[in-house]
Amino acid sequence: MITLLWVLTQGKFITFIANGDYANMNELLSGIKDFVKSENLFLQSDKVLVAVSGGVDSIVLAHLLYKLGGKLGIAHVNFQLRGKQADLDQELVKEIADQWQVPFHFRKFDTLEYASKAAISTQMAARDLRYKWFEELAATHDYHKIATAHHLNDVLETLLLNLTKGTGIAGLHGILPKRGSVIRPLLFAQKEQLLEYATSKGLRWREDQSNHSNYYQRNLIRNQVIPLLRKINPSLEQSAQNTVTILRSVEKQQYFSSIEQLKKDFFILNGNHVLIKKYELEKIDSPVLTDLFRDFGFNYDQCRSLLAIAFGHTGKRFYSDSHCLNIDREHIIISPNSPKSKPVEIPDYHQGCLKIGMSQWVFSKHSCDQYAIRREQWVGAFDLEKIPFPLTVRRWSSGDRFFPLGMQNQKKLSDFFIDAKVPLNIKEHVQVLVNGEDV
């Protein structure tokens, strides 16, 4: 059933076509054919990399795409979070790939270590690692699309989670059928349909027992909140999908383009940092600011508080899972959270490029009679014969002192930052080159 919706927006009637009521379809295979076609997800000639965890959702997705006769590859990630159970997941997925005679790609990650270094949650770390690797596989093996097994229930969970966190208008469009090379061909189907299909086809899958734990926010919504809401509306998932379809169309045609234009007008890029002049904040309100900052993870309450204090609280900071926002003298400065980097040792003289943390260090040797010290911010010149190796690169500490160029006495690095008016969140990224305690 195709539903036509007419929405009055700013005095204009806009016509939308909903994705269609696939929930009543008895055959998932015909449903996915129609959905792929209506959303223009991929062509028959495209190579599709399917992300398969071993759970019922991804197993069904892989089976449906296999039955469609496309060119497939299967990718499986072991995040090393579930011990032997994760190894059994890998074995099952590999067996299925071998049985279907499709390429199998596998990768292990130390997710906890990555999360610790990046100062992010385990879930966010797993997501970053997974998608980065998928993109690498796609580029290396010429896959046109990357398919994930998100379905209609995931749309509802995401919508409720975003409402709870206050993510702004952009958070209400749910999960998109496609974003870049990533496609989600199961967004028309409910979880119950996937289970019925898997059972009827005799498919094998593995249950992740952590899905039953309410430790994670999404699981809490899935296991406790949604069952209560279904008592009010048994067709909750389909209603949510209809709502996000309307919101997505409005956002795409009007709101999203406005937000992108504001980014071009307001954002000043400085390396990994984004600066916004304070007076620009007078032109926008908190809902718009929330969507302007959505890529940095700040919520509505934080944006509302920021607007209230931006002109009188220099040095005040706000934090999201991934970024820090600092109210500086003339700018709002947004920086990635400073990773907990370990000191890096340079054992001997090194010539050429060296990657240390987020910085690129370039070492070169010159004859003293042919070299004049360059007064540039990012250049240091030293007498090689007087440098006692090994050297160490580490984050600065409050007791660090150094000799600024042209001065006879040492100066505390913290005082130097104050004199140079270095913003707090940029200062946290500063590294020093030391021999022992000598900067």
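## Some thoughts on the nonpolar core
No. 1: Grouped together as the largest cluster of nonpolar side chains are 46 residues, with contacts concentrated most on L28, I32, V50, V60, L61, L65 and L186.
No. 2: Element by element, the count of residues in this core is highest for helix α2 (residues 56-67), at seven residues.
No. 3: Beyond its immediate sequence surroundings of up to four residues, L65 is in contact with I32, F42, V48, V50, G70, L72 and A147.
No. 4: Ranked by size, the runner-up nonpolar core spans 24 residues in total, among them Y255, I276, V288 and F298.

## Structural notes on the packing of helix α1 (residues 28-38) against α2
No. 1: Between α1 and α2, whose axes approach to 10 Å, the crossing angle comes to 80°. If you check the angle between α1 and α2, you find them roughly perpendicular. Packed against α1, whose contacting residues are L28, L29 and I32, the element α2 presents V60, L61, L64, L65 and K67 at the interface.
No. 2: Partitioned by chemical class, the residues of the contact of α1 with α2 number seven nonpolar, no polar and one charged.

## Regarding the packing of α2 against helix α7 (residues 191-200)
No. 1: Running from N to C, α2 and α7 cross one another at 65°; their axes reach a closest spacing of 10 Å. Viewed along their axes, α2 and α7 adopt a mutual orientation that is roughly perpendicular. For the crossing formed where α2 meets α7, the hand is left-handed. Seen from α2, the contacting residues are V56, D57, V60, H63, L64 and K67; seen from α7, they are K191, L194, L195, Y197 and A198.
No. 2: The residue makeup of the contact of α2 with α7, split by class, is seven nonpolar, one polar and three charged.

## Quick word on the pairing of strand β13 (residues 331-336)
No. 1: Burial within β13 is extensive, with six of its six residues counted as buried.
No. 2: Residues H331, I333 and S335 point to one face of β13 and I332, I334 and P336 to the other, with burial holding for every one of them.
No. 3: When strand β10 (residues 273-277) meets β13, the two strands line up antiparallel, connected through four bridges. Paired with L275 across the two strands is I333, which belongs to β13.

## A short note on unusual backbone geometry
No. 1: Here the residue pair F389 and P390 is connected by a cis peptide bond, since its omega of 5° sits within 30 degrees of zero.
No. 2: Tracing the sequence through the fold places P390 in the loop between β16 (359-363) and β17 (391-395).
No. 3: Positive phi, close to 55°, is recorded for Q80, a residue that is not glycine.
No. 4: On the secondary structure map, Q80 appears in the loop between β4 (71-78) and α3 (84-100).
No. 5: Classification of Q80 as partly exposed rests on a relative accessible area of 44%.
No. 6: The phi torsion at D142 lies on the positive side, around 60°, for a residue other than glycine.
No. 7: Relative to the assigned elements, D142 resides in the loop between α5 (122-141) and β6 (145-147).

## Some thoughts on the packing of aromatic side chains
No. 1: By the definition in use, this model includes 12 aromatic pairs.
No. 2: Measuring from ring centre to ring centre gives 6.4 Å for W361 and F363, while their planes differ by 15°; the resulting arrangement is stacked.
No. 3: For F363, a relative accessible area of 18% gives the class buried.
No. 4: One aromatic cluster is present, built from ring pairs that chain together F267, F293, F296 and F298.
No. 5: Cation over ring: K47 sits above Y143, and NZ or CZ is 4.6 Å from the ring centre.
No. 6: Taking NZ or CZ as reference, K316 lies 5.6 Å from the ring centre of F318, over its face.

## Topic: the confidence of the model for the protein
No. 1: Taken as a whole, the protein shows an average pLDDT of 83; of its residues, 88% reach a score of 70 or greater.
No. 2: Model confidence for the protein, summarised as mean pLDDT per element, is weakest for strand β2 (residues 12-17) at 31 and strongest for strand β3 (residues 47-51) at 97.
No. 3: Taken together, the stretch residues 1-26 has pLDDT below 50 and engages in 53 contacts with residues farther than four places along the chain or on a different chain.

## Some points on the pairing of strand β12 (residues 323-327)
No. 1: Burial runs high along β12: five of the five residues are buried.
No. 2: Burial along β12 is two-sided: the residues H323, L325 and I327 and C324 and N326 are all buried.
No. 3: As paired strands, strand β11 (residues 317-319) and β12 are joined by three bridges and run antiparallel to one another. Its bridge partner lying in β12, Y319 is registered against C324.
No. 4: Alignment of β12 against β13, held across five bridges, turns out to be antiparallel. Paired with L325 across the two strands is I334, which belongs to β13.

Rules used in this analysis
Residues numbered from 1 in each chain as written. Predicted model: local features only at pLDDT ≥ 70, side-chain atom pairs only at ≥ 80, totals over all residues. Heavy atoms only, no water. Core = buried A, V, L, I, M, F, W, Y, C linked by side-chain atoms within 4.5 Å. Buried < 20%, exposed > 50% of the residue type's maximum accessible area, 1.4 Å probe, protein only. Helix = DSSP H or I, 4+ residues; strand = E, 2+ residues; numbered from the N terminus. Contact = heavy atoms within 4.5 Å. Axes fitted to C-alpha atoms, helices over the stretch in contact; angles between N-to-C directions. Parallel < 35°, antiparallel > 145°, perpendicular 65-115°, else oblique. Nonpolar A, V, L, I, M, F, W, Y, C, P; charged D, E, K, R; others polar. Left-handed = near helix turned anticlockwise from the far one by under 90°. Pairing = 2+ DSSP bridges. Phe/Tyr/Trp six-rings, centres within 6.5 Å; stacked < 30°, edge-to-face > 60°. Lys NZ or Arg CZ within 6 Å of the ring centre and 35° of its normal. pLDDT = per-residue confidence, 0-100.

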